[in-house]
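Structural overview for review
Here is what each chain is made of, one letter per residue.
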Amino acid sequence: MTAFDTVVHLVYLACATAFVAGLHLMNAPATARRGNQVSAAGMGVAILTTVAVLVNNGEINAYAAWALGLGTAAGAVAGLVAARVVRMTAMPQLVSLFNAVGGGAAALIALGEHPATTQAEVTGVLDVLIGAVTFSGSLIASGKLAGRVPGRPLIVPFGRVVSLALIVFAAVMAVLVIGFDGGAPALWGAAVAALIGGVLLTLPIGGADMPVVISLLNAFTGTAVAMAGFVLESTPLIIAGALVGAAGAILTKLMADAMNRPISAIMAGGYGTGDAIAVTAGTGSAPVREITADDAAIQLAYAGRVVIVPGYGLAAAQAQHEAVALAQALTAHGVEVSYAIHPVAGRMPGHMNVLLAEANAPYEQLADLEESNPGFPRTDVVLVIGANDVTNPAARRPGNPVSGMPILDVDKAKSVIVIKRSLGHGYAGIDNELYTDPRTAMLFADAKAGLSALLTGLSAYAR
Amino acid sequence: MSPLLLADLTVFTLALLVGFEVISKVPATLHTPLMSGANAIHGVVLVGVMLLAATISTPAGYALLAVAAFFGAMNVAGGYVVTDRMLAMFRSRS
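Quick caveat, the model's predicted, so the values are computed rather than measured.

**Quick word on the overall build of chain B**
Helices and strands together make up the secondary structure of chain B, namely 4 helices and 0 strands. When its helices and strands are written in sequence order, chain B yields α-α-α-α. With the C-alpha coordinates of chain B rotated into their principal frame, the extents come out at 60 × 35 × 15 Å. Out of the 94 residues belonging to chain B, those deemed buried represent 62%.

In structure tokens form, the structure reads like this:
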């Protein structure tokens, strides 16, 4: 090993350390931004070092250098522009898009490398399969989140048969690559099968299961990048890929636990719709109590302690600024306000937290499930904004679709106000018993309009 | 198994364990930035694309290389910037 190689290896090691240190700093909101900057600095150094390697080796030909340079420049511009202009409400689809291109790049590495050794063949096949599934799967997920692909579960005719055939085909291609030196044609065959597989995997999954799915796809990309590292025998790729794989796996498990549904059942899909707006306002027997915005505002103004429970309805209506404005107005009026956030509220892990942070809600006021639940019995008013299944007391009983799901115990508060467009069902497709609870009042409105009306009411009555 | 593969597997396994250890403590408030930041870290795939470039010498290869470089650079640049934008919004009570 030459002195140059040694230095390069040591610098790569320092970069990997920066990734770990950066992730470690993400453990607290106060240091998280610095953590991301440390990680970015490590990435910058890794890229510059690789430029030095290319120049020093001198193996790259002029055409390849141009292809690399132009591709990188165009990609960087596209990424920067997308990252600068995206609205916070469009964050889930952008994160998913960046995940897709990462997986795509990893798959292309194995396709371009023409693996020769058995190690490179095995990891190359894995890289192509996982990377291609992630690429197409994340693009579909991104499309669903952006509303370009219908968010409801799309059942593909004979989907299971086709999936099975694709798995068999991909396995045959893998055997051809590894055992019979099938080379590029077999690898491309595996890639095509995996691309179709990724589409079939994500189409049947409904909107509210998205936090699980995009966490899982994130873990997939990490794994694909690590496999690309095995193909190229490049340690930084292996380390970074493994770190991301671990992060994605942890989030996937947290999200699946928060829904009390096994990952296998979520990936099988076809469950619920999440985005459905049922027009029928019938929960059958029990009556619901309606409340006007003015009455609700007075009730809030005279409360000692208010907890706001946001859900996907808040994100869909882009009502985060109104929610925080209301919280600030109540705080100014002497009311103690906090937010209770369920782990799977919204469409990606931590979705509500980002939206509320954008609207300047201090992060100390954002409490998770475990922190929030003990406080509900001494809460005067819970304001539920566009959240449904995560508040359904039926989850405490066995024998229904939400059984066993950890919920926010909003029904233990002294009173509850629910802002909702209709009595439509949530993702699980069942009635929410909270709405017929005698202590619950319904304010039928879109989240944005409802919150604005509350604010108006508050400023009129609560001086 | 070659010694090289064994060394790579060791690194991979230990990095996974480090990842689990470091990330399992991240609070729910930071789940989105964590995912987005992890997303940016797998942008290291661009380094892999650059290493691949040294071995490419066919027209089809150049096309594949350009696409891979586009994807990788978009991942790394966009990922870090969007995560920074998100984290800049997380403020303490002032």
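After that view, the rundown keeps rolling.
**Observations concerning the overall build of chain A**
If you tally the helices and strands in chain A, you get 16 helices and 7 strands. The C-alpha radius of gyration computed for chain A amounts to 25 Å, which stays within 12% of the reference 23 Å derived for 463 residues, consistent with globular compactness. If you take every contact in chain A between residues at least 6 apart in sequence, the share linking residues at least 24 apart comes to 78%. In the form shown here, chain A has an accessible surface area of approximately 17800 Å², with 66% of it arising from carbon and sulfur atoms. If the 23 positive side-chain charges of chain A are averaged to one point and the 28 negative ones to another, these points end up 8 Å apart.

**Observations concerning the nonpolar core**
Formed by 181 residues in total, the largest nonpolar core has its most connected members in Val309(A), Leu383(A), Leu451(A) and Leu454(A). When sequence neighbours within four positions are dropped, the list of residues in contact with Leu454(A) reads Ala293(A), Ala296(A), Ala297(A), Leu300(A), Leu326(A), Leu383(A), Ile419(A) and Leu443(A).

**Overview of helix 13 (residues 320-332) of chain A**
All names here are of chain A. Helix length check: helix 13, at 13 residues, gives a terminal C-alpha distance of 18 Å against a target of 18 Å (1.5 Å per residue), a fit within 8%. Within helix 13, the full set of buried residues consists of Gln320, Glu322, Ala323, Val324, Leu326, Ala327 and Leu330. Directly beyond the C-terminal end of helix 13, a positive phi value near 95 degrees is found at Gly334.

**So, the confidence of the model for chain A**
Per-residue pLDDT for chain A averages 86, and the proportion of residues at 70 or more is 95%. Long-range and interchain partners of residues 272-283 of chain A, a stretch whose pLDDT sits below 50, account for 20 contacts in this model, where long-range means more than four residues apart.

**Remarks on the environment of Met50(B)**
Along the chain, Met50(B) falls in helix 3 (residues 45-53). On the basis of relative accessible area, Met50(B) is assigned to the buried category, the value being 5%. Through-space distance from the C-alpha of Met50(B) to that of Pro3(B) is 25 Å; in sequence the pair is 47 residues apart. In this view, Met50(B) contacts Ile47(A), Thr50(A), Val51(A), Leu54(A) and Leu68(A); residues no more than four positions away in its chain are not counted.

**Focus: the pairing of strand 5 (residues 381-385) of chain A**
All names here are of chain A. With 5 of its 5 residues buried, strand 5 lies for the most part within the structure. Burial of the side chains of strand 5 extends over both faces: Val381, Leu383 and Ile385 are buried on one face and Val382 and Val384 on the other. Bridging between strand 2 (residues 305-310) and strand 5 involves 5 bridges; their strand directions are parallel. The residue bridging Val306 from the neighbouring strand is Val381, located in strand 5. Both strand 5 and strand 6 (residues 415-420) contribute to a ladder of 5 bridges, which runs parallel. Looking at strand 6, one finds that Val384 is bridged to Val418.

**Details of the pattern of salt bridges**
Scanning the model with the defined rule gives 11 salt bridges over all chains in all. Among the ionic pairs, Asp84(B) bridges to Arg33(A), the shortest N-O distance being 2.9 Å. Pair noted here: Asp84(B) is in helix 4 (residues 59-89) and Arg33(A) is in helix 2 (residues 29-57), and the two residues belong to different chains. The class of Arg33(A) is partly exposed, set by a relative accessible area of 36%. Between Asp409(A) and Lys412(A) there is a salt bridge, with its nearest N and O atoms 3.9 Å apart. Beyond isolated ion pairs, a larger network of salt bridges with shared partners links Arg396(A), Asp409(A), Asp411(A) and Lys412(A).

**A short note on the domain arrangement of chain A**
Domain boundaries assigned for chain A yield domain 1 (1-85), domain 2 (90-275) and domain 3 (289-461). The C-alpha-based centres of domain 1 of chain A and domain 3 of chain A are spaced at 43 Å.

**Description of the sheet that holds strand 5 of chain A**
All names here are of chain A. The strand order across the open sheet built from 7 strands is 1-7-6-5-2-3-4, with neighbouring strands paired in parallel fashion. Edge positions in the open sheet fall to strand 1 (289-290) and strand 4 (366-367), since each of these has one partner strand only. Two elements, strand 2 and strand 3 (residues 336-340), share 4 bridges in a ladder whose sense is parallel. For Ile308, the partnering residue across the bridge sits in strand 3 and is Tyr339. Packing against the sheet, helix 13 makes contact with strand 2, strand 3 and strand 5, and its axis sits at approximately 150 degrees to strand 3.

**A few points about helix 1 (residues 3-25) of chain A**
Taking 1.5 Å as the rise per residue, helix 1 of chain A with 23 residues should run 33 Å; its terminal C-alpha atoms sit 33 Å apart, in good agreement. Residues of helix 1 of chain A that are buried: Val8(A), Tyr12(A), Cys15(A), Ala16(A), Ala18(A), Phe19(A), Gly22(A), Leu23(A) and Leu25(A). Tucked into the core, helix 1 of chain A has its buried residues touching helix 2 and helix 9 (235-259) of chain A together with helix 1 (3-23), helix 2 (31-41), helix 3 and helix 4 of chain B.

What counts, and where the lines are drawn
- Per chain, residue numbering runs from 1 following the sequence as it is written.
- Here the convention is simple: chains get letters from A, ligands get numbers from 1, in the order in which they are written.
- Local features in this predicted model are restricted to residues whose pLDDT is 70 or higher, and side-chain atom pairs enter the listing and the counts only when it is 80 or higher, whereas totals over whole chains, interfaces and linings include all residues.
- With hydrogens and water excluded, all non-hydrogen atoms of the structure serve as input to the side-chain values.
- Only DSSP runs of H or I reaching four residues or more are called helices, and only runs of E reaching two or more are called strands; each is numbered from the N terminus.
- Here the term buried applies to any residue with accessible area under 20% of the maximum for its type, exposed to any over 50%, and partly exposed to those in between, with areas from a 1.4 Å probe on protein chains only.
- Here the globule rule is a power law, 2.2 Å times the number of residues to the power 0.38, and the radius of gyration is based on C-alpha atoms.
- Any pair of residues with heavy atoms lying within 4.5 Å of one another is described as a contacting pair.
- Here the Shrake-Rupley method, with its probe set to 1.4 Å, supplies the accessible areas, and only the displayed protein chains count as covering residues.
- Positive charge is attributed to Lys and Arg, negative charge to Asp and Glu, and no charge count is given to His or to the chain ends.
- One atom stands in for each charge, and that atom is NZ of Lys, CZ of Arg, CG of Asp or CD of Glu.
- What makes a nonpolar core is a set of buried Ala, Val, Leu, Ile, Met, Phe, Trp, Tyr and Cys residues whose side-chain atoms join them at distances within 4.5 Å.
- Expected span, for any helix, means 1.5 Å times one less than how many residues it has.
- On a range of 0 to 100, pLDDT expresses the predictor's confidence in each residue.
- Note on pairing: two strands pair once DSSP finds at least 2 bridges between them.
- Within this document, salt bridges are pairs made up of a side-chain nitrogen of Lys or Arg and a carboxyl oxygen of Asp or Glu, the two lying within 4 Å of each other.
- Start and end points for every domain follow an automatic or database-based domain assignment.
- Fitted lines through C-alpha atoms serve as axes, helices being fitted only where they are in contact, and the angles separating the N-to-C directions of these axes extend from 0 to 180 degrees.

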